[in-house]
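So you can see what is in the structure, the chains are spelled out below.
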Amino acid sequence: AASAEYEAENATISKGVVESNHAGYSGTGFVNYDNVAGSYVEFTVNSAQAGSARLDFRFANGTGANRPVDVTVNGTTATSNLAFPGTGDWTNWQVAATTVNLKAGANKVRAAATGAEGGPNLDKLTVTTGSGDSTPPT
Ligand code: GCU
C-alpha cells in the first residue's frame, strides 16, 4: 500500500478558518469549520491509478455531539454523513475512515458539514491505496 498525507490547512476551505490553538495537530494547524451546514474542506488528491482508496480524516471534536460530513469525490457523494463523534477534548485527535473510488490523476475530495454545528476541527487527510487499502494510520 502507498499513503499520502494532505494537511487541511493547505486545502481549499469554504466557511472555515485555519487555527492552531489546540495542541496535537500535524503540520502548522487545523481547520475550524464554521458552525454552519455546508462548510467544507476540499483536498486535491493525486492517485497513481484508478481504484479504491482509504481516506483517514484526523480530527478533534471537543463537544458531545457528532459533527457529520458528506464526503464527495469529484462532485459525487461517496459517503453520506461520515461520523465525527466527540473525542472528549479539542486536543484529543482521532481518525474517521471511509473507502472511496478515485480516478487516476487529480481528484477533488470534499468533506462538507451536514449539521448546523459544522464539521469537527480537521487536521489532515491520509489517503492509502493498494493492497486492500488496509493500512490504518496512527
Ligand atoms: C470552540 C473551539 C474551536 C471549535 C469550536 C466549535 O470554540 O475552541 O476549536 O472549532 O468550539 O465548536 O466548532
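Residues numbered from 1 in each chain as written. Predicted model: local features only at pLDDT ≥ 70, side-chain atom pairs only at ≥ 80, totals over all residues. Heavy atoms only, no water.

*Asks:* For this particular structure, what's the right way to read the sheet that holds strand β5 (residues 40-47)?
*Replies:* Sheet strands pair via backbone hydrogen bonds, and the direction of the pair is either parallel or antiparallel. The antiparallel open sheet is built from 5 strands, whose spatial order is β2-β5-β10-β7-β8. The open sheet has two edge strands with one neighbour each: β2 (12-14) and β8 (76-82). Across the sheet, the mean angle separating the axes of adjacent strands is 20° when strand polarity is ignored. Relative to β5, β2 runs antiparallel, the two sharing 3 bridges. Each residue of the ladder has a partner; that of I13, found in β5, is V41. (Pairing = 2+ DSSP bridges. Helix = DSSP H or I, 4+ residues; strand = E, 2+ residues; numbered from the N terminus. Axes fitted to C-alpha atoms, helices over the stretch in contact; angles between N-to-C directions.)

*Asks:* Hey, could you run me through the environment of V127 in this one?
*Replies:* Relative to the helices and strands, V127 is located in strand β11 (residues 121-129). In sequence terms V127 and D56 are 71 residues apart; their C-alpha atoms lie 6.5 Å from each other. Leaving out residues up to four positions away in the same chain, V127 has contacts with A2, S3, A4, Y6, V45, A53, R54, L55 and L102. (Contact = heavy atoms within 4.5 Å.)

*Asks:* Quick question: what am I supposed to make of the environment of T98 here?
*Replies:* Among the structural elements, T98 can be located in strand β9 (residues 94-102). Spatially, the C-alpha atoms of T98 and A53 are 8.5 Å apart, while their sequence positions differ by 45 residues. In contact with T98, not counting residues within four places along its chain, are A53, R54, L55, F57, T79 and L82. At a separation of 2.7 Å, a polar atom in the side chain of T98 contacts the side chain of T79. (Polar contact = N/O pair within 3.5 Å; in protein donor to acceptor, adjacent residues only side chain to side chain.)

*Asks:* What am I meant to see in the site of the ligand here?
*Replies:* All residues in the neighbourhood of the ligand are listed as H22, N32, N35, R67, W90 and N121. A distance of 2.8 Å separates an oxygen atom of the ligand from a polar atom in the side chain of R67. Bound to the protein, the ligand loses 71% of the 320 Å² it would expose on its own. Residue classes in the shell around the ligand are distributed as 1 nonpolar, 4 polar and 1 charged. (Near = heavy atom within 4 Å. Areas by Shrake-Rupley, 256 points an atom, 1.4 Å probe, with all protein chains shown as cover. Nonpolar A, V, L, I, M, F, W, Y, C, P; charged D, E, K, R; others polar.)

*Asks:* Would you mind showing me how to read unusual backbone geometry here?
*Replies:* The bulk of non-glycine residues show a negative phi, and the bulk of peptide bonds are trans. Positive phi values are uncommon outside glycine, yet K15 reaches one of about 60°. Phi is positive for N74, close to 55°, though the residue is something other than glycine. One can find N74 in the loop between β7 (69-73) and β8.

*Asks:* Even after reading the chapter, I still don't get the environment of K103, so can you show me in this structure?
*Replies:* You can see K103 is positioned in the loop between β9 and β10 (105-113). The spacing of K103 and T77 is 26 residues in sequence and 14 Å in space, taken between C-alpha atoms. Residues in contact with K103, not counting those within four places in the same chain, are S47, Q49, A50 and N74.

*Asks:* Can you walk me through the packing of aromatic side chains in this structure?
*Replies:* Taken as a whole, this structure holds 5 aromatic pairs when the rule is applied. Ring plane angle 55° and centroid distance 5.5 Å describe the contact between F30 and W93, whose orientation is recorded as tilted. With F30 in strand β4 (residues 30-33) and W93 in the loop between β8 and β9, the pair connects residues that are 63 residues apart, well separated along the chain. Residue classification places W93 among the buried residues on the basis of a relative accessible area of 11%. When the ring of F43 is compared with that of F57, the centres are 6.5 Å apart and the planes differ by 55°; the resulting orientation is tilted. You can see F43 sitting in strand β5 and its partner F57 sitting in strand β6 (residues 51-60), a full 14 residues away along the chain. Among the aromatic side chains, those forming a connected cluster through ring pairs are F43, F57, F59 and F84. Taking the ring centre of Y40 as reference, the NZ or CZ of R110 above it sits at 3.7 Å. (Phe/Tyr/Trp six-rings, centres within 6.5 Å; stacked < 30°, edge-to-face > 60°. Buried < 20%, exposed > 50% of the residue type's maximum accessible area, 1.4 Å probe, protein only. Lys NZ or Arg CZ within 6 Å of the ring centre and 35° of its normal.)

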